[in-house]
Structure formats: C-alpha cells, structure tokens
Number of protein chains: 2
Amino acid sequence: MKASMTMIEPNGHFCSDCAVRGIAVCASLDPAELKEFEHLGRRVHFGAGETVFSEEDITTSFYNLLEGVMRLYKLLPDGRRQIVGFALPGDFLGMNTSGRHNFSADAIGAVTVCQFAKAPFGRFMEGRPHLLKRINELAIRELSQARDHMVLLGRRSADEKVATFLLGWRERLVSLKGSSNTVPLPMSRQDIADYLGLTIETVSRTFTKLERHGAIEIIHGGISLRDPARVEALAAA
Amino acid sequence: MKASMTMIEPNGHFCSDCAVRGIAVCASLDPAELKEFEHLGRRVHFGAGETVFSEEDITTSFYNLLEGVMRLYKLLPDGRRQIVGFALPGDFLGMNTSGRHNFSADAIGAVTVCQFAKAPFGRFMEGRPHLLKRINELAIRELSQARDHMVLLGRRSADEKVATFLLGWRERLVSLKGSSNTVPLPMSRQDIADYLGLTIETVSRTFTKLERHGAIEIIHGGISLRDPARVEALAAA
DNA sequence: CGGGAACTTGAGTATGGTCAATACAAGTGG
DNA sequence: CCACTTGTATTGACCATACTCAAGTTCCCG
C-alpha cells in the first residue's frame, strides 16, 4: 500500500545457510542440486503493507517466504475481502494452472522472499520429480487446511471462529519457533475479521469477552493464553 | 447409509474405452502405460447414500470418479456438517499427506468409481513424473476452487451464495455434458445448505424468491434458468 | 503535544436461524 | 387403487447472532 521499499540483493546468498532450508520446497534437494538451485532464486525484501503480487496478474514468478508474515486474499468487485490464508516462512506461493495468480499477497510487516522466475524454475523442476513431489505435498497439505477453513467459515459461530483461530495460529508458530502461551498477532483486527468472515467489531468484542472470562489476556501486538483449556473448549474441536 | 450394495466387477474393463479417459488423471498416460494402468484399478459401484470413505479412515485407496455425483464433507463433533465440494466424473479423490482421509465421501445417487490400492498406485507413479504432474495440476486447481469457496462462505449473502452456486454448478455440468439452461440438482436441499453454510429453510426460501422474481423455475430434480442474466447479477461477480 | 490509525465500546437493526406446521412425492401394503 | 408411512421440501412466525452506524479510547509517530 505504501510507496515501494522493494530491494533486490544482487549478490548471492547461500541456500545451505537458509533459515527455511529444512522446511520449504528446497528440503527435497540434495546439496549438489542446491548449489544449482541457488542461482535461480533472488532474495527480495518488501516493506509493511506492500503487495508482492495481485490476483489476475500474469504469473511470472514463484515465491518462497523466508521471513515475515503475508496475507493472502481475494476481493469481490464491491471491495469485500476474504483472507484465504496467512503465509509464514517456508510457505511456497504462486502455483496455479491458469497462468494467473488466483489471489493477492501483501506483506504484513517486513518480509523477505526468495523469488524464482517461472520459466527457469519450471525447467529446473523438469527431471527432478522429487521437487515436484515436494510441491505436490505442500499443495495437498494446503488443500486440507483450506477445507478445515471452509468448515470454520460455514459452520462455526463467532466465538468458535476466534478461539479456533487463536489456537491454530499458535500451533503454526509453535512448529516454527517452539511452544509459548504468548501468541504474537502481527496482523490487524481487520485482517483477522476478513480471515474469519466477521467484522472488525465482532472480533474486537470477542477478544474482550475472552479476556473478561479469563481465557486470554490482550497484550500489545498479540495475546497471551491464560487458560488454554477454556479456549479449546470454546473452539469446540 | 443403506445396506451395502457394493459390487466389485472382477473382470477387467478397458481404460481406452473409459468415459473419463480424456479428463481424469489417466489423461497423462500414453497407450502403453494405460495398458499397465488398467490392471491397477477396479471398478466399484456404490448405491445412493453409501459412504465410499470416511474422514480419519486410514487411506488404503485412491478413487477416480467415473459416473455419478458424490458429496465430500467434514463433520464437527456436534454433528454440524460442511460439504467441502461435490465430485463429478473425472475427479480424483483420496490424496493426503497424513495417511488418513481428511474428509468423508458419500455417493449421491448411483456411483461408479475406479479404485486403486494406494501402494501399487504409488509404485506406478514412481518414475512417471507426468502422472505426478497431472495429479499436482488437479490439486492446484482444486485449491483455487477451495479459495473461491472460502470467499463465498465468508463474504457473501444468502442470495449471492445460492445464485453463485447455481451458476457454478451449471458451469461444471456444461464442461461435462454441454450447455443447457436446465440444471439438474441431484443433491438434496440439505446438501446445498451444508455446502453454502446456510440452513435448509434459507435455501428453500431463496429458491422460491428466485422463482417469484422470474429468474429460475423450480422443476423436479433441478431448476431451469429462465433469466440467467438476472441470476448472474444476483451472484454479483 | 497534535494528528491519525487502529481498536474498543455502545445502541439499534437486519439477516439468516430456530421451531413448528403443512405440503408434497414416492413407495408399501392391504 | 387407495390409505398410510416416510422422507423431503416449503412456508410462516418469532428470535438471536452478528452487522451497521456512531462515538470514544488508545497508541504511535511525527
């Protein structure tokens, strides 16, 4: 949304040192392949609120998120927004069958991605079925998450939505940074609302309600789970 | 739901004659591969309401839908149901990363599937990256559909949901059987409600409203689009 | 400090849900 | 062939959850 702070680092980085080496698509590559792969990607930084790619844009690149959080969303013509997911380090973005992106992606806070031009990436993948297999696995896992989210959007109450979101978000952070009852929420209330199919007011009220009941504590930039069991009960599986 | 009418046909069928040959996963196979592939799949029939597989079941097979319509759904512990999709001929079901199905699948009406045991299918796929690529394409396309559906569930009104569903369902049938303003709806109102995140009453009321406004005509086992433009306007993109 | 964005809180309302009655269609058996 | 059952769909009356609109608060950043 802001003026572009995009910066391309011209000199290479080493994939072997990469923070997401073990969890991203590149986890499927052996050291020799990694050496070659290194030349395909460019590290690119984005500032808070910047758009990395937009829905309907022709796909020229794929992206491997290295650092930061992104919101992935779709807009209706009248401006209503549905956030279809939040991306965290290790997530691979940009695959599609139509040649165009089917959602938009913004940086929430500062973000670093590893950007791959589509054609060379495709060529590299030819003859490396283990990479394709890895990408397929990630796609299938995402599909499973998407279905879970459909259940949330279609069949859960506001309280359940918020509680489920907090637990699910914590779970994702746990697998990246280890366990903690302090859950940072880098996204805005509006982002959370658009993710859960609610309004910002309902999200705010529900947070306050959870706090009044002693289930959470609202802290700066996030929440603290004071009574995880109670939140789990509210999430109702 | 009924007593099982499952029937396994012992003698082989010919993939080359298969109705979904050109649109299913097998579209990626050449005639020689197809000959081999033929021995992997078994045609299995299911009667109306029968469950083909259930969420949390250990995955032992994959399924290629040949004939009929299936509902794919998830249940909450208290029984609330979200239908995450309807499967039509050509759809490939059962892929997952956890070793367990992540949704349940019922036959709506009579159904024929081509069933593949997981292990032999996996072995066949090894060394045939074009098949893996095909499966990946299908997964990515489904992911895109899933995201569209999230927008519908999270951000659309009841009227928009119903109108969007009718148009989307027609579109899918068009690509299978050709264009028509008569749209068969083999699924029940309850199924439609659970797909759209509504109640059966709201779906029924909305159908009636669309009919009163001259947009559709409710016919036995489906609807007829009397004023497609008006339905499109209601779908609001 | 002052201005602005993000968030919270309140009051009133609308959309879609709940509960209940009725209609309709298809199948079963006398 | 008709009474009866069963399951599905429609319609109505009422209600609750979450939305809208509006004001007020907090926090950050210049």
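That block above? That's the structure.
Cut-offs applied
Residues numbered from 1 in each chain as written. Chains lettered and ligands numbered in written order. Predicted model: local features only at pLDDT ≥ 70, side-chain atom pairs only at ≥ 80, totals over all residues. Heavy atoms only, no water. Near = heavy atom within 4 Å. Polar contact = N/O pair within 3.5 Å; in protein donor to acceptor, adjacent residues only side chain to side chain. Nonpolar A, V, L, I, M, F, W, Y, C, P; charged D, E, K, R; others polar. Helix = DSSP H or I, 4+ residues; strand = E, 2+ residues; numbered from the N terminus. Buried < 20%, exposed > 50% of the residue type's maximum accessible area, 1.4 Å probe, protein only. Axes fitted to C-alpha atoms, helices over the stretch in contact; angles between N-to-C directions. Parallel < 35°, antiparallel > 145°, perpendicular 65-115°, else oblique. Left-handed = near helix turned anticlockwise from the far one by under 90°. Contact = heavy atoms within 4.5 Å.

Chemist: I keep staring at the protein's contact with DNA strand C and nothing clicks. Help me out?
Modeler: Close to DNA strand C lie 15 residues, the nearest being A:R189, A:S204, A:T208, B:A158 and B:T202. A:R205 is positioned with one of its side-chain polar atoms (N or O) 2.8 Å from a base nitrogen of DNA strand C. Between DNA strand C and B:T202, the relevant distance is 2.6 Å, taken from a phosphate oxygen to a side-chain nitrogen or oxygen of the residue. Looking at the surface near DNA strand C residue by residue, the classes come out as two nonpolar, eight polar and five charged.

Chemist: Is there a simple way to think about the side chain of B:R71 in this case?
Modeler: In this structure, B:R71 sits in strand β4 (residues 61-75). On the basis of relative accessibility, which here comes to 10%, the residue B:R71 falls in the buried class.

Chemist: Please explain the packing of helix α4 (residues 158-177) of chain A against helix α7 (residues 228-235) of chain A as it appears in this structure.
Modeler: Helix packing geometry: the angle between the two helix axes and the distance between the axes. Residues and elements named next belong to chain A. At a closest axis distance of 7 Å, the pairing of α4 and α7 adopts a crossing angle of 125°. Relative to α7, the element α4 is oriented oblique. As for the relative orientation of α4 and α7, their crossing is left-handed in sense. Only P228, V231, E232, L234 and A235 of α7 make contact with α4, whose side of the interface consists of E160, A163, T164, L167 and R170. Looking at the contact of α4 with α7 residue by residue, the classes come out as six nonpolar, one polar and three charged.

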